Amino acid sequence: MTTTAPRFGAAPAAPLVRLLLVATVLLGTVFTVLSGTASAHAALTGSTPEDGAVVATAPKDVTLTFSEQVALSDSSIRVLDPSNKRVDTQKIRNLSSGKTVSYAVDLHAGLPDGTYTVAWQAVSADSHPVSGAFTFSIGAPSKTEATVPAEKAGGGLVGFLYDVARYVSYAGFILLVGGSAFVLGSWPRGASVRPLQRLVVQGWIALTAATLVLLLLRTPYTGSGDLADAFDLGGLRAVLTTKSGTALVSRLLLLGAAALFVAVLFGAYARREAPTNEDEAKEKKDLTFGLAVGGVVVAAGIAATWALSEHASTGIQAGLAMPVDVLHLLAVAIWLGGLTALLVALYRAPSIEAAAVRRFSRTAFISVVVLAATGLYQSWRQVGSWSALGDTSYGQLLLVKVGLVAVLIAIAFFSRRWTARLGEPAAVPAAVSAEAGAAEAGTAAKTEATAEAKSATESETSGSSETGTEAGAEAAAETGAGSGSGAAVLAGAEAAAESGAESASGSETSTGQGTRSGTVTASTTAVGDTQRIAQLARQQAAMATARQKRLRDADTERSGLRRSVLAEAGVAVVLLAVTTVLTSTEPGRTAEQEANRTGASVGAPATAGPIDVTLPFDTGGQKGKGTVQVTLDPGTSGANLMHLYIDGPDGQPLDVPEVKVAFTLTSQKIGPLPIVPERFAAGHWSADGVQIPMPGDWKLQVTVRTSDIDQTTVDKNVKIG
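Asker: Could you give me a rundown of the nonpolar core, with the residues and numbers involved?
Answerer: With 81 residues, the main nonpolar core has Phe 173, Trp 187 and Ile 352 as its most contacted residues. Per element, the largest residue contribution to this core is 16 residues, and it comes from helix 7 (residues 318–348). Ignoring sequence-local partners within four residues, the contact set of Trp 187 consists of Phe 182, Val 193, Leu 196, Ala 345, Ala 349, Ser 351, Ile 352, Glu 353 and Ala 356. Val 661, Val 690, Val 704 and Val 718 belong to the second largest nonpolar core, which has 31 residues in total.

Structure (structure tokens):
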């Protein structure tokens with residue numbers, strides 16, 4: 001009869017751990033989608049001609065000034081005439097000097113009057129692509145058919161995949177560094193625990209794979225936006241010459257060293273778990289020191305690949321900001337990665353010592369202190385002012401991150417309380433204790449009985465091989481189960497199988513029945529008994545494992561610690577997602593510089609939509625009173641359709657000889673931009689292709705003339721997004 005051993009190995013809490021992993025992926029995806037296009041990290045702080053300017057004669061070139069260093073190609077700045085044809089020479093000139101970052105492109109001579117569009121795209125010093133467009137006019141504004149990409153650089157499918165890869169790379173770094181630090185610094189015995197080994201190795205695989213994906217996606221991410229360009233070898237060669245490409249290649253080389261570190265940690269180090277003499281103890285101490293030094297060097301090097309190519313490498317105090325950023329990343333990895341390792345140990349490992357949990361608790365506290373100090377400095381450096389903290393997307397995300405860290409620390413407080421109680425003996429429920437005692441008593445009785453059966457079997461000379469074999473197997477299995485060791489069970493089972501086989505062979509020889517057919521029969525019986533013994537041993541091992549887990553779960557302190565650590569890990573998943581979005585968001589300091597240039601609010605952009613304004617007027621003459629209704633569709637920067645409806649006091653259309661409109665952006669000294677609508681019908685005027693250069697609070701002026709001498713101008717401020 002064939003029986004199957006019950007599966008007790010998977011802990012009931014395993015679904016919670018799997019749910020946490022699924023939540024990690026889903027939250028990363030959701031926050032990546034919500035982040036949208038990676039925001040600009042280098043801002044366009046000025047241009048010549050200015051955005052929306054109307055110049056009398058055609059300029060010789062167009063100059064752009066940025067807030068930080070950018071990388072440009074000859075096609076990065078395009079100047080388009082009203083018919084959408086390029087009018088620049090496609091040769092970029094670098095005019096930068098000192099702290100001023102400026103680039104220019106020459107224009108063809110003899111440009112006619114009209115509105116020209118300047119479209120630009122670059123890669124900022126912190127590796128993120130930036131793009132934009134603005135218009136200027138020669139002589140007077142005109143209609144334009146120039147088109148610019150609707151999708152900003154770094155957006156679309158490529159941008160989404162790039163942000164997902166960045167999230168995975170951060171998560172892999174945290175698991176690799178934090179898991180290794182947990183084993184070396186808090187729980188050396190964990191080096192031989194298979195779930196912890198898998199955790200660290202999976203972190204290495206995730207970081208390596210994500211780095212390769214980021215390297216391939218750099219070309220379409222900073223350029224065309226076409227996913228197929230990821231396999232463009234020419235583009236890949238160009239990427240390798242950039243700062244970001246060099247950082248990614250350096251990370252791959254360091255991951256090769258990290259692979260060697262992991263192999264030694266879970267190989268030679270794990271085998272030296274319990275030194276038996278002074279020489280072995282000294283060898284393990286030296287190996288631990290070497291792994292610690294090597295691990296710190298490799299981890300700091302990997303963290304530096306972010307610090308040298310992203311936010312910390314640009315802006316004020318970059319020389320100080322980069323090492324501070326390395327410390328910040330290491331503190332995050334040791335805290336959150338160690339927290340994940342502790343969660344795995346509590347749920348998946350057979351047991352973990354209270355001393356190991358206390359050591360990690362102290363390490364986590366130090367990491368939080370370092371994290372707070374470095375984070376405070378980085379926040380001041382990136383935000384710059386109290387207003388930017390509340391008015392910019394970066395500042396708002398930073399506040400969310402601070403709130404999540406506060407929640408995490410609050411949960412960690414309860415975890416420390418559970419940790420402090422781990423040393424106290426836990427009260428084991430009576431049912432569990434009775435079950436364990438009965439199991440041990442039963443084991444002793446069965447062992448004694450099987451021993452007697454074995455003695456009786458040895459006195460027989462024939463026909464007893466099967467009985468002796470089964471008795472030996474049961475004795476070995478029960479003894480192993482009583483001790484709670486599956487390995488002992490299997491070892492005893494194999495020994496019993498061999499003993500039974502030898503006994504059967506000896507019996508055949510001593511009775512003179514050693515014929516060939518008898519030998520075949522004995523061998524077949526021995527093989528069948530071996531399978532039966534192994535099956536019984538697996539059952540007993542599984543039952544012993546389940547019994548040990550029930551005893552472990554009866555510890556209320558450990559159960560409470562597992563729940564609080566699981567809650568910490570859940571908050572950490574959200575925190576990592578917010579951090580990923582934060583690193584792809586324009587810093588508050590830069591956002592304010594851009595806002596000062598455009599005159600727009602640094603907060604959320606105005607909701608786009610048609611503008612509908614009604615203004616009363618009175619020219620003072622006969623039939624000089626009425627209202628003018630102005631609609632602007634779509635009511636955003638760029639081309640718009642404008643309608644004017646003029647009604648008399650009786651609400652009927654009022655036919656007037658002339659209507660004029662002008663837009664002025666006072667904060668940027670743009671305008672007035674005159675608009676001359678055409679008469680469509682009595683009381684109805686319209687103008688197509690009304691160009692609004694940029695978002696902002698515009699002053700709308702409408703001049704109505706009701707006779708040769710009677711006219712008036714009314715105005716109102718309107719927000720155009």
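Asker: Could you give an account of the pattern of salt bridges, with specific residues and numbers?
Answerer: Enumeration according to the criterion identifies 12 salt bridges in this entry. Its salt-bridge partner being Arg 93, residue Asp 106 comes within 2.9 Å of it at the nearest N-O pair. With Asp 106 in strand 7 (residues 101–107) and Arg 93 in strand 6 (residues 88–94), this residue pair connects regions lying 13 residues apart in the sequence. Look at Arg 93 and you get partly exposed, because its relative accessible area is 30%. Notably, a salt bridge pairs Lys 719 with Asp 697, separated by 3.6 Å at the nearest N-O pair.

Asker: Tell me what's going on with the layout of surface pockets, and back it up with residues and numbers.
Answerer: In this structure, the second largest pocket occupies an estimated 1,000 Å³ of space. Around the second largest pocket sit 39 residues that line it, and His 328, Gly 375, Ser 379, Leu 398 and Lys 401 are the ones nearest its centre. The greatest single-element share of the lining of the second largest pocket, amounting to 10 residues, is contributed by helix 8 (residues 354–383). For the lining of the second largest pocket, the per-class residue count stands at 26 nonpolar, 10 polar and 3 charged.

Asker: Give a detailed account of the packing of helix 2 (residues 156–185) against helix 6 (residues 278–307), specifying residues and quantitative values.
Answerer: Orientation of helix 2 relative to helix 6, taken along the N-to-C sense of each, is 165°, at an axis distance of 11 Å. With respect to helix 6, the axis of helix 2 lies roughly antiparallel. Crossing geometry of helix 2 relative to helix 6 is assigned as left-handed. On helix 6, the residues that touch Ser 169, Tyr 170, Phe 173, Val 177 and Leu 184 of helix 2 are Thr 288, Leu 291, Ala 292, Ala 299, Ile 302, Ala 303 and Trp 306. Split by residue class, the contact of helix 2 with helix 6 holds 10 nonpolar, 2 polar and no charged.

Asker: For helix 3 (residues 194–222), give the residues involved together with the corresponding values.
Answerer: Taking 1.5 Å per residue, 29 residues should reach 42 Å; helix 3 reaches 41 Å between its end C-alpha atoms and fits that length. The sharpest bend along helix 3 reaches about 40° and sits at Leu 216, with the proline Pro 220 one to four residues further on.

Asker: Explain the sheet that holds strand 13 (residues 658–665) residue by residue, including any values.
Answerer: On the basis of which strands lie adjacent, the open sheet formed by 4 strands has the order 14-13-17-18 and antiparallel pairing. On the outer flanks of this sheet lie strand 14 (670–675) and strand 18 (711–720), each paired with one strand and no other. Sheet twist, expressed as the mean angle between neighbouring strand axes with direction ignored, is 20°. Relative to strand 17 (residues 696–705), strand 13 is paired through 7 bridges, and the arrangement is antiparallel. When the sheet's bridge partners are listed, Lys 660 is paired in strand 17 with Thr 703.

Asker: Run through the packing of aromatic side chains, naming residues and quoting values.
Answerer: Tallied over the entire structure, the rule returns 8 aromatic pairs. Measuring from centroid to centroid gives 5.8 Å for Tyr 116 and Phe 136, while their planes differ by 20°, and the two rings are stacked. Of the two residues, Tyr 116 is situated in strand 8 (residues 114–124) and Phe 136 in strand 9 (residues 129–138); the sequence distance between them amounts to 20 residues. Taking relative accessible area as the criterion, Tyr 116 reaches 0% and is therefore assigned buried. Since its relative accessible area comes to 1%, Phe 136 is described here as buried. Ring centres 6.1 Å apart and planes at 40° place the aromatic pair Tyr 377 and Trp 380 in the tilted group. Of this pair, Tyr 377 and Trp 380 both sit in helix 8, separated by 3 residues, roughly a single helical turn. The buried category is assigned to Tyr 377, whose relative accessible area is 17%.

Asker: Hey, could you go over the side chain of Thr 115 for me, with residue numbers and the actual values?
Answerer: In this fold, Thr 115 is placed in strand 8. Within the structure, the side chain of Thr 115 is placed 3.0 Å from the side chain of Ser 137, a separation counted as a polar contact. For Thr 115, the side chain forms a polar contact with the main-chain nitrogen of Ser 142, separated by 2.8 Å. Not counting residues up to four positions away in its chain, the partners in contact with Thr 115 are Asp 81, Pro 82, Thr 135, Phe 136, Ser 137, Ala 140, Pro 141, Ser 142 and Thr 144.

Asker: Now, about a nonpolar patch on the surface: what can you tell me, with residues and values included?
Answerer: A surface patch of nonpolar side chains, amounting to about 230 Å² of accessible area, comprises Leu 157, Leu 161 and Leu 227. In this structure, Leu 227 sits in the loop between helix 3 and helix 4 (233–240). Judged by relative accessible area, which is 35%, Leu 227 ranks as partly exposed.

Asker: Explain the sheet that holds strand 7 residue by residue, including any values.
Answerer: Hydrogen bonding along the main chain pairs the strands of a sheet, whether they run parallel or antiparallel. Sheet architecture is open: 4 strands sit in the order 1-3-7-6, paired in antiparallel fashion. Edge positions in the sheet fall to strand 1 (44–48) and strand 6, since each has one partner strand and no second. The average undirected angle you get between the axes of adjacent strands in this sheet is 20°. The pairing of strand 3 (residues 61–66) with strand 7 spans 6 bridges and is antiparallel. From the neighbouring strand, Val 62 faces strand 7, where its bridge partner is Val 105.

Asker: Break down the environment of Thr 65 for me, citing the residues and quoting the values.
Answerer: Position of Thr 65 relative to the elements: it lies in strand 3. Exposure remark for Thr 65: the relative accessible area of 21% places this residue in the partly exposed category. Beyond its immediate chain neighbours, meaning those up to four positions away, Thr 65 contacts Ala 43, Leu 44, Thr 45, Gly 46, Thr 100, Val 101 and Ser 102.

Asker: Describe empty space enclosed by the protein, and please don't skip the residues or the numbers.
Answerer: Considering all chains together, one arrives at 5 cavities of 30 Å³ or more under this definition. By volume, the largest cavity is sized at about 130 Å³. If you list the elements that add at least two residues to the lining of the largest cavity, you get helix 2, helix 3, helix 5 (243–271) and helix 6. Of the residues that constitute the lining of the largest cavity, the class distribution is 6 nonpolar, 5 polar and 4 charged. The wall of the second largest cavity is formed by Gly 52, Thr 115, Thr 135, Phe 136, Ser 137, Pro 141, Leu 673, Ile 675, Gln 691 and Pro 693. Among the secondary structure elements, those contributing two or more residues to the lining of the second largest cavity are strand 9 and strand 14. For the lining of the second largest cavity, the element with the highest residue contribution is strand 9, accounting for 3 residues. Among the residues making up the lining of the second largest cavity, the classes are represented as 5 nonpolar, 5 polar and no charged.

Asker: If you had to explain the side chain of Asp 325 to someone new, which residues and values would you point to?
Answerer: With respect to the helices and strands, the residue Asp 325 is situated in helix 7. What makes Asp 325 buried here is its relative accessible area of 15%. Those residues in contact with Asp 325 that sit more than four places away from it in its chain are Ala 307, Ala 312 and Gln 378.

Calculation rules
- Residues numbered from 1 in each chain as written.
- Predicted model: local features only at pLDDT ≥ 70, side-chain atom pairs only at ≥ 80, totals over all residues.
- Heavy atoms only, no water.
- Core = buried A, V, L, I, M, F, W, Y, C linked by side-chain atoms within 4.5 Å.
- Buried < 20%, exposed > 50% of the residue type's maximum accessible area, 1.4 Å probe, protein only.
- Helix = DSSP H or I, 4+ residues; strand = E, 2+ residues; numbered from the N terminus.
- Contact = heavy atoms within 4.5 Å.
- Salt bridge = Lys/Arg side-chain N within 4 Å of Asp/Glu carboxyl O.
- 1 Å grid on protein atoms, 1.4 Å probe; cavity = no way out; pocket = protein on both sides within 12 Å on 5 of 7 lines; lining within 4 Å.
- Points joined across faces, edges and corners; volume = space filled by probe spheres on them.
- Nonpolar A, V, L, I, M, F, W, Y, C, P; charged D, E, K, R; others polar.
- Axes fitted to C-alpha atoms, helices over the stretch in contact; angles between N-to-C directions.
- Parallel < 35°, antiparallel > 145°, perpendicular 65-115°, else oblique.
- Left-handed = near helix turned anticlockwise from the far one by under 90°.
- Expected span 1.5 Å × (residues − 1).
- Bend = angle between axes of the 7 residues up to and from the residue.
- Pairing = 2+ DSSP bridges.
- Phe/Tyr/Trp six-rings, centres within 6.5 Å; stacked < 30°, edge-to-face > 60°.
- Polar contact = N/O pair within 3.5 Å; in protein donor to acceptor, adjacent residues only side chain to side chain.
- Patch = residues over 30% accessible without salt bridge, like charges linked within 9 Å, V, L, I, M, F, W, Y side chains within 5 Å.
- Areas by Shrake-Rupley, 256 points an atom, 1.4 Å probe, with all protein chains shown as cover.

Worth remembering: the numbers are spatial, not functional.
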